[in-house]
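Residue-level structural notes
Each chain, letter by letter, is given below.
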Amino acid sequence: MDDGLLHRLRVEQARALLGDADPHHAVMLACDLLVAGVEADAVVALAAESARTLPTHDANRRLAEVVAALGLPDPDLPTAVALVAADTCERILARSLAAEVGTHDLYVVGYEGSRLDDLLPAVTALAVRLEDDLDGRADDELRKRLATLARTILNHPEVRDSAQR
């Protein structure tokens, strides 16, 4: 398995540990694992699921089965939070995640046990602006502030260090 695929697996594993696996990403990851020659029964079972109808709790369970079958150790909670936060920030900066969704997804920094909780006030301020001032629709100014926050999070020592774990 190449480094990019392993990284995706680690990110989805972290999301599942936090109880928030993305069913679409989980199924697509399993399909990519199959293409890469990883043919564990758990991978096949997840790849056979519907990316549209798989409930989040089932995606969490299926990902846990994949990880167990591959013998990948679970990250500790702070590392899981950092992996999810970094992935969310990368998707925000690439604009592959809507600003409205990304703003709320960054609440992961406040997850219990997170070492990124010092960033929670900044996330909350953006979410309040989005919901209270902009009626849930991001404007250019909010997108700029969100991008700045995403870069700040990516430069946080805990996030940088999680890439090496």
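Just above, that's the structure.
So, here's what we can say about the structure.

About the cut-offs
Going along each chain's sequence as written, the residues are numbered from 1 onward. Two thresholds apply to this predicted model, a pLDDT of at least 70 for residue-level local features and 80 or more for giving and counting side-chain atom pairs, whereas whole-chain, interface and lining totals are computed over all residues. Only hydrogens and water are set aside; all other atoms, that is, all heavy atoms of the structure, feed into the side-chain values. Working definition: helices are DSSP H or I runs of at least four residues, strands are E runs of at least two. Numbering for both runs from the N terminus. Note that the radius of gyration is over C-alpha atoms, with the globule rule given as 2.2 Å times the number of residues to the power 0.38. Axis angles are defined between N-to-C directions and span 0 to 180 degrees, where every axis is a line fitted to C-alpha atoms and, for a helix, only to the segment in contact. Any angle that is under 35 degrees is reported as roughly parallel, and any over 145 degrees as roughly antiparallel; angles of 65 to 115 degrees are reported as roughly perpendicular and all others as oblique. The crossing is said to be left-handed when, going from far helix to near helix, the turn is anticlockwise and less than a right angle, and right-handed when the turn is clockwise. Any two residues whose heavy atoms approach within 4.5 Å at even a single point are treated as in contact. Throughout this entry, Asp, Glu, Lys and Arg are counted as charged residues, while Ala, Val, Leu, Ile, Met, Phe, Trp, Tyr, Cys and Pro are counted as nonpolar. The remaining residues, Gly among them, count as polar. Only buried residues count toward a nonpolar core, which is a set of Ala, Val, Leu, Ile, Met, Phe, Trp, Tyr and Cys residues joined through side-chain atoms within 4.5 Å. A 1.4 Å probe rolled over the protein chains alone gives each residue an accessible area, and that area as a share of the maximum for its type sets the label: buried under 20%, exposed over 50%, partly exposed in between. To estimate the expected span of a helix, subtract one from its residue number and multiply by 1.5 Å. Working definition: the arc comes from the directions between the helix axis and the C-beta atoms, pointing outward to the latter. Pairs of N or O atoms within 3.5 Å make up the polar contacts considered here, provided that, within protein, one atom can donate a hydrogen while the other can accept it, and that residues adjacent in sequence are counted only when both atoms are side-chain atoms.

1. Observations concerning the overall build of the protein
- Regarding its fold elements, the protein presents nine helices and zero strands.
- Listing each helix as α and each strand as β along the protein from the N terminus yields α-α-α-α-α-α-α-α-α.
- Here the C-alpha atoms of the protein give a radius of gyration of 16 Å, agreeing with the 15 Å that 2.2 N^0.38 yields for 165 residues.
- Seen through its principal axes, the protein has C-alpha atoms that stretch 50 × 30 × 25 Å.

2. Describing the packing of helix H7 (residues 120-133) against helix H8 (residues 140-154)
- Viewed as axis vectors pointing N to C, H7 and H8 meet at an angle of 165°, and their least axial separation amounts to 11 Å. Here H8 runs roughly antiparallel to H7, going by the angle between their axes. For the pair H7 and H8, the crossing hand works out as left-handed. Taken together, the residues of H8 that come into contact with H7 (itself represented by Ala122, Val123, Leu126, Arg129 and Leu130) are Glu141, Leu142, Arg145, Leu146 and Leu149.
- Across the contact of H7 with H8, the residue classes break down as seven nonpolar, no polar and three charged.

3. Concerning the nonpolar core
- Residues Leu106, Val109, Leu116, Leu142 and Ile153 are the most contacted members of the largest nonpolar core, which totals 29 residues.
- Elements with a contribution of two residues or more to this core: helix H5 (77-93), H7 and H8.
- For this core, the leading source of residues is H5, giving nine residues.

4. Quick notes on H8
- With 15 residues, H8 extends 21 Å from end C-alpha to end C-alpha; this agrees with the ideal 21 Å at 1.5 Å per step.
- Taken together, the buried positions of H8 are occupied by Leu142, Leu146, Ala147, Leu149, Ala150 and Ile153. On an axial view of H8, the arc spanned by its buried residues comes to 165°, and they lie on one face. For H8, the exposed residues set more than 90 degrees away from the buried face come down to Asp140 and Lys144.

5. Side note on helix H2 (residues 23-35)
- Compared with the 18 Å implied by 1.5 Å per residue over 13 residues, the 19 Å span of H2 between its first and last C-alpha is a close match.
- Within H2 the residues assigned to the buried category are Pro23, Ala26, Val27, Leu29, Ala30 and Leu33. Mapping the buried residues of H2 onto a view down its axis gives an arc of 160°, with all of them on the same face.
- Tucked into the core, H2 has its buried residues touching helix H1 (3-17), helix H3 (41-47) and helix H4 (56-70).
- Its side-chain oxygen placed 2.9 Å from the backbone nitrogen of His24, Asp22 serves as the N-cap of H2.
- Backbone geometry just after H2 places Gly37 at a positive phi near 95°.

6. Description of the side chain of Asn60
- Within the secondary structure, Asn60 is located in helix H4.
- When its relative accessible area of 13% is taken as the criterion, Asn60 is described as buried.
- If near-sequence neighbours (up to four positions away) are discounted, Asn60 is found in contact with Arg15, Ala16, Gly19, Asp20 and Ala21.

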